[in-house]
Every structure is written in structure tokens, then in C-alpha cells.
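# Breakdown of the fold
For reference, the chains in residue letters:
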Amino acid sequence: MKFLNVLCFAVVAATTAFAADSRYSGDQVVRFNVTSPKDADILQDAIEKGRLGLDVWTHRASAAGKIDVRVPFSSVRAIKKLGLPFTVLVPDLQALVDAERDHMGKNSEVVHNSLMSGEAVQLTAATIFNDWQSYETLSAFIAGLPGVTQLPSIGKTYQGRDINAFKFGTGPYAVVYNGGIHAREWISPATTTYVTDQLVKNADLLKKFTFYVIPVLNPDGYAYTRAASGQRYHRKNLEPNVGTSCIGTDINRNFDYMWSKPGASSDQCSDTYYGKAALSTAEASSLSKFIKSIPNTVGYIDLHSYSEMFLFANGYTCTGQVKDYDTLYKGSKLAAEAIKATSGEIFKYGGSCATSYKTSGDTVDYMYNAVGVTYSYTLELRPNENAASGTAGFNPPVSEIIPSGQETTAAFLALWNYVYGQLSATPSPSTSSLPPTSISKTNVPTSTTAKPTTTSASVCSHNVCVTGVKLVSSCSDCAKAVCAKDSYCCNTSWDSTCVREVSQYCTGVTC
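In this text, all values refer to a predicted model and were calculated from it rather than measured experimentally.

What follows covers the overall build of the chain. Summing up its helical and strand segments, the chain has 17 helices and twelve strands in all. Counting only residues that meet the buried cut, the chain has 56% of its 511 residues in that class. Sequence separation of at least 24 residues holds for 76% of the intrachain contacts in the chain that already meet a minimum separation of 6. Accessible area for the chain stands at about 20200 Å²; split by element, carbon and sulfur atoms hold 52% of it.

This is how it looks when you write it as C-alpha cells:
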């Protein structure tokens, strides 16, 4: 196994104590069903005043709908006085935390302690994806994968941990993806690692792209949620804030685009506290410098949980659309279709603010608008926001790791093959491009190349819109115009986005 800088951490103890921790005893996770503006105002007021200590877990498009909230034991009776209908999802959160720690003590902590003591440990998928592994274990596993190079640390956290990054692939286009920007979202680092294990085996994709992966962008926070002396539901990093005992900055509100605008908080105790300055956190600053140092970066994905969504810019505003909206929308749609074809899960997709909620200073808005990385996405992993299970939210069972990894891998394949088609030299409509390798339930009829005719672009394009087949060479000028902007329409399938592009790129043609 490759030598890892991570194994030399002086700041990491050789063992992690998993003593009993009763801080969540009696806490509940409840789901409010908000159906009116009045109810929304009542709940929002209770959240913002903070007197009940409510911790909102659900990503949502507005204050209406189903909203999951962690309620401290001291406020369990008080929430009934709000007069809002709710369902108890988890009657005692401590039971979930205890079960996690018990499982980890018998599995992931055994592996972690062996690694940290210098023992030779054989890390395989079978031993990795059966539990919530430590940062050190995930890093060691990725470093040992074939074709992977561990890069020099891209930065140091407040507590002195290296932020590990890895590189694999030989393609001309660079893609960066990371997990674990929010500490409590454990399925994110696990899924990020699973996807990496799968991508290194995909020779075709590795000829198209060079991938850079950061399995845990917030290693301090992640370690803190795993430690018995820490807090399981901590979200931010661990940098102290002057004048308060509230610890940490939300890294995903600390980037230098629309920083400190609505969608983030100036309250140091808030989970969305934007920090003392843009890029003031070591993690945000390190990622910014790192991605700017990589040549020809065309893609970025930030893996989160939970709510099952595939999102793109903008988050800071819910009005208007980015200039690459159609292309980004199609990429997210293909990814969502690939997920559905793999697992049956239905992911929402679209612009971040319009689909989820308003955010400012986040990774994707920054990458797209400030750095110029066109294909930038946020991926919200399992479970979905309507899951009724008592293990919903940030405590999915370990049995969800592999299914999450499988569907996310399918999404990656669909998305990046589509992107490659967009970036590659566009062939004439009558020649075959790269065969579609994305996973989708969309049935694409096989069409034969038509003999050259004088059919007008208007008539031909209208027929294509009606029949749903591929564009063929007889579409001539219109086909070339659309293909020059969006090769997917010619090489894969003709969908509603292509219809819109006809009116955009073919003067006088309507479908």
C-alpha cells in the first residue's frame, strides 16, 4: 500500500474512545406538514428565535411542505403548543446514535485503530463499505486503488489535519469532486469513496477525463461527529468564533461569490454562519486555490445529504436562469434518469434555489460564476425528504452505502459522458459520434441515415419534434445549427430541450 501522509498525523489519537454519550437522550426528529403561509410563519418564527433549539434538517423549496426538524428533549412538549401538525419520525435520537457507535466500535473503529497503530491492513471494498469509516481509512483505501496518485496536501485545517486529494485518469478534461463539506452528512464521504472505486475501473471514461477527488473536505468536523466527545449533528468546521462558545463556520457559505448575502447567516451560532470573511476558512480557501491550479477544469460536483436532488447554479437567487441553463438542466436530468434506472429512486433536478432553497457563498455558485467551471453541480444523496423510516435524515443504515454508491456512479457515468459529447469536436449530423453510455430509461429509436433531400429545416425539425427520433442529415442547416451547440440532440436523443434550441438556433423554425 502507498505511503500516506495521513498516517503521520500527530494530532490524531491512536484509538477513539466510544464511551456512552447521552446528549441526545429524548431528542426527537419530527416532520411538520406545513400547508399554509400562516403555518409557515409560525414555524419560521420558532426556528429563527432559537428559544426551542430547533435544528432544521430538510432541504426544501419553500417554507411549505414537509419539514424535518430535530427537537431537543427540553422542547418536545413546547412544539405541541405551536399548533402545527407533525409526525414523530424518531422518538429517541439517542437510540440511533448508540446503535451507530456500537456498530462502528465493532467494525470501522477496529480498522481505524489498526491503521493508526501501524499494522498492515488489507483494505477492500468488502471491509470499507460495511460501515462509516474514518477519514484516515477512506484516504488509505483511495490511495491504494489502481491508477490513483495521492497529491500533496491541498491545505491544513484549523486542527492541523491535511486536506487529502487524489488524482486518476489521463483524459484532457479535468473534473473535481468532493464529499464531506458538512460534517454530519456521513453518507457523503462513503459515497464519494465508492464512486472513486468504480471510476478507476472505467477505462473509457479515464481516457476522456482526469479526475480529482477530495473524499472529506471538512476532516475536522467529520472527526468531531464521530468522536464520543464530539457532537454527532455538528455541520460546520471547528474553527472557533471570537466572543462566543459557538464553534465553526459553514464552509458551504464561505465562498467568494455573493458571500454574506441572503441564504446565509451572520449569526455565529447558526448552522449557516458565513464566516468572518469570504474564503476565511482553511477548507474553502484550499479548495479555491486547488481548483484554480488545475488546467482545463470543466466539471465539479459537491456531494451532500440529504433529499435526493441534482442541482446547479444559481443558489443565491430564485429568479432568472444562468446562460448555460439548458445544458446544465439536461446534464442533471440525465443523471437523475440514470439513478432511477439503477435503483428506482427519484431525484429532483434543476436550478438550486428554485428546486431547493436559497443559498449564498456556496461551492457551486462560486465554481460556475467566479471560477468559470461550467458543469458544476450539487448532489444531495439519500434518503429522500419524504422517507418515513426512523433511520431517515442523517442516520441512514450502513446498508444504504452501497446502493447510494451504485446509483451515484450511474449518475456520474451519464453526466460525464454527456459532458464529453458537449466538449468534443462536433461531427456532422450524418456521422456517428461516441455511442451513448449513460444509463437511462429513455428508449432511443434506431434511425437510418436518410438520403439527401431538399426538405426544409422547418418541416424536418417539426417532424423530428413530433416523432421523437434523432435528427438526420436531411435536416441540413437546422440540424447543423443545433448540433453545433448541443451534440446530444444529434447523437443521443431529441427531447424538450432540443425543441427549445430549434427556436433559439434556427431562425423562423418553431416546434
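What follows continues from the structure just given.
This part takes up the environment of Lys289. By secondary structure assignment, the location of Lys289 is in helix H9 (residues 282-293). Along the primary structure Lys289 and Ile154 are separated by 135 residues, whereas in three dimensions their C-alpha atoms are 8.3 Å apart.

Another point: the sheet that holds strand S1 (residues 28-34). Spatial strand order, S2-S3-S1-S4: four strands in an open sheet with antiparallel pairing. In this open sheet, the two edge strands, each paired with only one partner strand, are strand S2 (55-56) and strand S4 (86-90). Across four bridges, the pairing between S1 and S4 is antiparallel. Counted as the bridge partner of Arg31 is Thr87 from S4. Contacting S1, S2 and strand S3 (65-71), helix H1 (residues 37-49) crosses the sheet at an angle of about 145° to S1.

Time to look at empty space enclosed by the protein. Enumeration according to the criterion identifies two cavities of 30 Å³ or more in this entry. In this structure, the largest cavity encloses a volume near 160 Å³. For the largest cavity, the lining is made up of 19 residues, of which Asn252, Ser352, Thr359, Thr378 and Glu380 are closest to its centre. Those elements that provide at least two residues to the lining of the largest cavity are strand S10 (309-312), helix H12 (363-371) and strand S12 (375-384). When grouped by side-chain class, the residues that make up the lining of the largest cavity number five nonpolar, nine polar and five charged. Volume-wise, the second largest cavity comes out at about 30 Å³.

On to the environment of Trp186. By the secondary structure assignment, Trp186 is in the loop between strand S7 (173-178) and helix H6 (187-199). In this structure the C-alpha to C-alpha distance between Trp186 and Thr225, which are 39 residues apart in sequence, comes to 9.0 Å. Of note is the side chain of Trp186, whose polar atom sits 2.9 Å from the side chain of Thr225.

Before going further, it helps to spend a moment on H12. Of all the positions in H12, only Thr363, Val364, Asp365, Tyr366, Met367 and Tyr368 are classed as buried. Two or three places before Val364, at the opening of H12, Asp362 has a side-chain oxygen 3.2 Å from that residue's backbone nitrogen. The positive-phi residue at the C-terminal boundary of H12 is Gly372, with phi of around 85°.

Calculation notes
- Residues numbered from 1 in each chain as written.
- Predicted model: local features only at pLDDT ≥ 70, side-chain atom pairs only at ≥ 80, totals over all residues.
- Heavy atoms only, no water.
- Helix = DSSP H or I, 4+ residues; strand = E, 2+ residues; numbered from the N terminus.
- Buried < 20%, exposed > 50% of the residue type's maximum accessible area, 1.4 Å probe, protein only.
- Contact = heavy atoms within 4.5 Å.
- Areas by Shrake-Rupley, 256 points an atom, 1.4 Å probe, with all protein chains shown as cover.
- Pairing = 2+ DSSP bridges.
- Axes fitted to C-alpha atoms, helices over the stretch in contact; angles between N-to-C directions.
- 1 Å grid on protein atoms, 1.4 Å probe; cavity = no way out; pocket = protein on both sides within 12 Å on 5 of 7 lines; lining within 4 Å.
- Points joined across faces, edges and corners; volume = space filled by probe spheres on them.
- Nonpolar A, V, L, I, M, F, W, Y, C, P; charged D, E, K, R; others polar.
- Polar contact = N/O pair within 3.5 Å; in protein donor to acceptor, adjacent residues only side chain to side chain.

The analysis is restricted to geometry; functional conclusions fall outside its scope.
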